[in-house]
Amino acid sequence: MSAHYRIPDYPAGIHETEILRMFGGLETVKAAIRTACAEETDSPEAPVSVIICFSNRSGSNFLAEGLRRTGAIGMGGELFNHEEVALRCKKFEIGTFDSYVRHIINVHAQQSRLFCTKVGWSQLYFLLKTGCIPQIIKNPRYLLIKRRDVLDQAISYSIAMQTKKWTSSHRDQGIDPKFDDALIENCVHGTLMSHFHFEKLFGLNGQPFLEVHYEDLIADFQRQLKIICRWLGVKPKRYPIM
């Protein structure tokens, strides 16, 4: 995607709203990115940046962990959730959004790994709107992770919303989820709208992306990983078994 792209109108999400509040607003963030990038000298082609485009309970953590185990790609966490941004900025005394983004890219680079992050659709819109992609996060390659069984995904999503247990590493709070057909219906709608917003953005800008299905990863992870790495142009150190 070039530096000139079309972004549909959209309602800002909580992560965008809180991040802009931390760093002085949209225009301040955009100006800081422009200034920082204007001071850069010409360099060879930038390494690939891996952007995992996800909806909740799509299998994105499974994909991110598999990519990490190749030894060539950094762990694709939710690095643009506002809580994560605030935590890292406090810990490392980071004062601007562009400095934060350079920090997380550098963490992966120090491990001799390509930068990787997970983003929801509104987070991707935000990163493009600010110019963060492609001015700081250069040479992006987009993986759109989906489940074919959207109802199964929605049920999983509704359970996670009730139990607050989003990954296996989260503590079990002893909450018993209940079947809630209205909640499940809302989760189906949210998932389909997420797919729509990602694909609308890519379509408007002629941006290539690779669609990855969770069911295919479960069936033959190594085969799918080879397809993904070949599309990314990445030479993994290994193809892990998951």
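Refer to the preceding data block for the structure.
This structure is a prediction, so every number in the text was calculated from the model and none was measured.

Sorry, what's going on with the packing of helix H3 (residues 60-69) against helix H11 (residues 221-232) here?
Between two packed helices, what matters for the description is the angle formed by their axes and the separation of those axes. Two elements in contact, H3 and H11, have axes separated by 11 Å at closest approach and are oriented at 75°. Classified by the angle between their axes, H3 and H11 sit roughly perpendicular to one another. Across from Phe 62, Leu 63, Gly 66 and Leu 67 in H3, the residues of H11 making contact are Phe 221, Leu 225 and Ile 228. Here the residues of the contact of H3 with H11 are counted per class, giving 6 nonpolar, 1 polar and no charged.

Where do I start with the pairing of strand S1 (residues 49-53) in this structure?
Regular strands place their side chains on alternate faces of the sheet. Counting buried residues along S1, 5 of its 5 residues qualify, which places the element largely inside the surrounding structure. Of the two faces of S1, the one holding Ser 49, Ile 51 and Cys 53 and the one holding Val 50 and Ile 52 are both buried throughout. Pairing geometry for S1 and strand S3 (residues 140-146), over 5 bridges, is parallel. Following the sheet pairing, Val 50 is matched in S3 by Arg 141. Across 4 bridges, S1 lies against strand S2 (residues 116-119) in parallel orientation. Bridging from a neighbouring strand, Ile 51 pairs with Thr 117 of S2.

In this structure, what is going on with the pattern of salt bridges? I would like to understand it.
Side-chain pairs of opposite charge can arise whenever the charged atoms involved come near each other. Applying the stated rule across the entire model yields 11 salt bridges. The closest approach of N and O atoms between Lys 146 and Glu 199, which form a salt bridge, is 2.5 Å. In this pair, Lys 146 is assigned in strand S3 and Glu 199 in helix H9 (residues 181-205), connecting sequence segments 53 residues apart. As a salt-bridge pair, Asp 152 and Arg 147 come within 3.0 Å of each other at their nearest N and O atoms. The exposure class assigned to Asp 152 is partly exposed, which follows from its relative accessible area of 38%. A cluster of three or more residues bridged by salt bridges with shared partners is formed by Glu 65, Arg 68 and Arg 69.

Would you mind going over the layout of surface pockets with me for this structure?
Taking a probe equal in size to a water molecule and rolling it over the atoms shows the remaining empty space. Counted as a void, the second largest pocket has a volume near 300 Å³. Lining the second largest pocket are 14 residues, and of these Ala 46, Pro 47, Ser 49, Ile 105 and Ile 136 sit closest to its centre. The element that contributes the greatest number of residues to the lining of the second largest pocket is helix H5 (residues 97-110), accounting for 3 residues.

Analysis parameters
- Residues numbered from 1 in each chain as written.
- Predicted model: local features only at pLDDT ≥ 70, side-chain atom pairs only at ≥ 80, totals over all residues.
- Heavy atoms only, no water.
- Axes fitted to C-alpha atoms, helices over the stretch in contact; angles between N-to-C directions.
- Helix = DSSP H or I, 4+ residues; strand = E, 2+ residues; numbered from the N terminus.
- Parallel < 35°, antiparallel > 145°, perpendicular 65-115°, else oblique.
- Contact = heavy atoms within 4.5 Å.
- Nonpolar A, V, L, I, M, F, W, Y, C, P; charged D, E, K, R; others polar.
- Buried < 20%, exposed > 50% of the residue type's maximum accessible area, 1.4 Å probe, protein only.
- Pairing = 2+ DSSP bridges.
- Salt bridge = Lys/Arg side-chain N within 4 Å of Asp/Glu carboxyl O.
- 1 Å grid on protein atoms, 1.4 Å probe; cavity = no way out; pocket = protein on both sides within 12 Å on 5 of 7 lines; lining within 4 Å.
- Points joined across faces, edges and corners; volume = space filled by probe spheres on them.

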